[in-house]
Amino acid sequence: MNIKILVYFSFLFFMGCPATHIPYEPQVFPDISRTMNVLKETLSYQVPKRIVRYVEIKPDYFKVISGVRSTLTYIYFDDIQKIDLHEKRKRKVVTIWGDNHRALYRLYVKDQAVATDFINAVHTLKNHRKEIELELNKSIDSTKKRK
């Protein structure tokens, strides 16, 4: 009887995990301003159930308000350990992992190019935080000049 239970739970386990890992090595974008726009743009492709309403990028983190209930998520660049790309039910799923194998954020999109652009943007911003600060300061200075 124990064998039947083991086989049953093994079957459930393997049937419940239909996601296919897609190997991808992040690339660095050369322009931080464009990278910040790419991050915001790719988040706009999130599936309707998790629609992104607001994105803010700072040198230490990016903030996303999404979903039907406007869930607030902070993704600190220091907390990011790795980023995975999977395919599940014809959608591409990007998972940003933190310490203790904790999922910090998931992006669900239909297009693999959008998913890889998101990965590249997060990877670039994580590794170029000084440039984010300079870019934010530039935009503040240009706003002051217009007034």
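One structure accompanies this document, and this report is about it.

### A short note on the pattern of salt bridges
Then step 1. In total, this model carries seven salt bridges according to the counting rule given.
Then step 2. For Lys-63, the salt bridge goes to Glu-56, with nearest N and O atoms at 3.0 Å. Considered together, Lys-63 and Glu-56 belong to a single accessibility category, that of buried residues.
Then step 3. Glu-135 is the salt-bridge partner of Lys-138, the closest N and O atoms lying 3.4 Å from each other. Here the residue Lys-138 and the residue Glu-135 both occupy positions in helix H4 (residues 129–146), the gap between them amounting to three residues, near one helical turn.
Then step 4. A residue is classified by how much of its surface remains accessible, and Lys-138, at 52% relative accessible area, is exposed.
Then step 5. Three or more residues joined by partner-sharing salt bridges are found here, namely Glu-56, Lys-58 and Lys-63.

### Topic: the sheet that holds strand E2 (residues 52–57)
Then step 1. Reading across from one edge, E2-E3-E4 is the order of the three strands in this open sheet, with antiparallel pairing throughout. Of all the strands in the sheet, just E2 and strand E4 (71–76) have a single pairing partner and so form its edges. The sheet shows a mean angle of 15 degrees between the axes of neighbouring strands, taken without regard to direction.
Then step 2. Note: E2 against strand E3 (residues 61–66), five bridges, orientation antiparallel. Among the inter-strand pairings, Val-52 is bridged to a residue of E3, identified as Ser-66.
Then step 3. The strands that helix H2 (residues 32–43) touches are E2 and E3; relative to E2, the one it contacts most, it runs at about 160 degrees.

### A closer look at a nonpolar patch on the surface
Then step 1. Together, Leu-72, Tyr-74 and Tyr-76 make up a nonpolar patch on the protein surface, roughly 280 Å² of accessible area in all.
Then step 2. In this fold, Leu-72 is placed in strand E4.

### Concerning the pairing of strand E7 (residues 103–109)
Then step 1. Of all seven residues that make up E7, five are buried, and the element is covered over most of its length.
Then step 2. Where strand E6 (residues 91–97) and E7 come together, six bridges link them in antiparallel fashion. For Val-93, the partnering residue across the bridge sits in E7 and is Tyr-108.
Then step 3. From the end of E6 to the start of E7, which pair antiparallel, there are five residues, and Asn-100 there has a positive phi angle of about 55 degrees.

### A closer look at the environment of Leu-107
Then step 1. Its place among the elements puts Leu-107 in strand E7.
Then step 2. You can call Leu-107 buried: its relative accessible area is 0%.
Then step 3. In the structure, Leu-107 is positioned 22 residues away from Leu-85 in sequence and 9.5 Å away in space, judged by C-alpha atoms.
Then step 4. Those residues in contact with Leu-107 that sit more than four places away from it in its chain are Thr-42, Leu-43, Gln-46, Lys-92, Val-93, Val-94 and Phe-118.

### Topic: H2
Then step 1. Spanning twelve residues, H2 covers 17 Å between terminal C-alpha atoms, matching the ideal 16 Å at 1.5 Å per step.
Then step 2. Listing the buried residues of H2 in full gives Ile-32, Thr-35, Met-36, Val-38, Leu-39, Thr-42 and Leu-43. Each buried residue of H2 lies within a common arc of 160 degrees when the element is viewed along its axis, so the set occupies one face.
Then step 3. By the N-cap criterion, in which a side-chain oxygen at the helix start approaches the backbone nitrogen of a residue two or three places on, H2 is capped by Asp-31, the distance to Ser-33 being 2.8 Å.

The rules behind these values
Residues numbered from 1 in each chain as written. Predicted model: local features only at pLDDT ≥ 70, side-chain atom pairs only at ≥ 80, totals over all residues. Heavy atoms only, no water. Salt bridge = Lys/Arg side-chain N within 4 Å of Asp/Glu carboxyl O. Buried < 20%, exposed > 50% of the residue type's maximum accessible area, 1.4 Å probe, protein only. Helix = DSSP H or I, 4+ residues; strand = E, 2+ residues; numbered from the N terminus. Pairing = 2+ DSSP bridges. Axes fitted to C-alpha atoms, helices over the stretch in contact; angles between N-to-C directions. Contact = heavy atoms within 4.5 Å. Patch = residues over 30% accessible without salt bridge, like charges linked within 9 Å, V, L, I, M, F, W, Y side chains within 5 Å. Areas by Shrake-Rupley, 256 points an atom, 1.4 Å probe, with all protein chains shown as cover. Expected span 1.5 Å × (residues − 1). Arc of directions from axis to C-beta. Polar contact = N/O pair within 3.5 Å; in protein donor to acceptor, adjacent residues only side chain to side chain.

Purely geometric stuff here, so don't read any function into it on its own.
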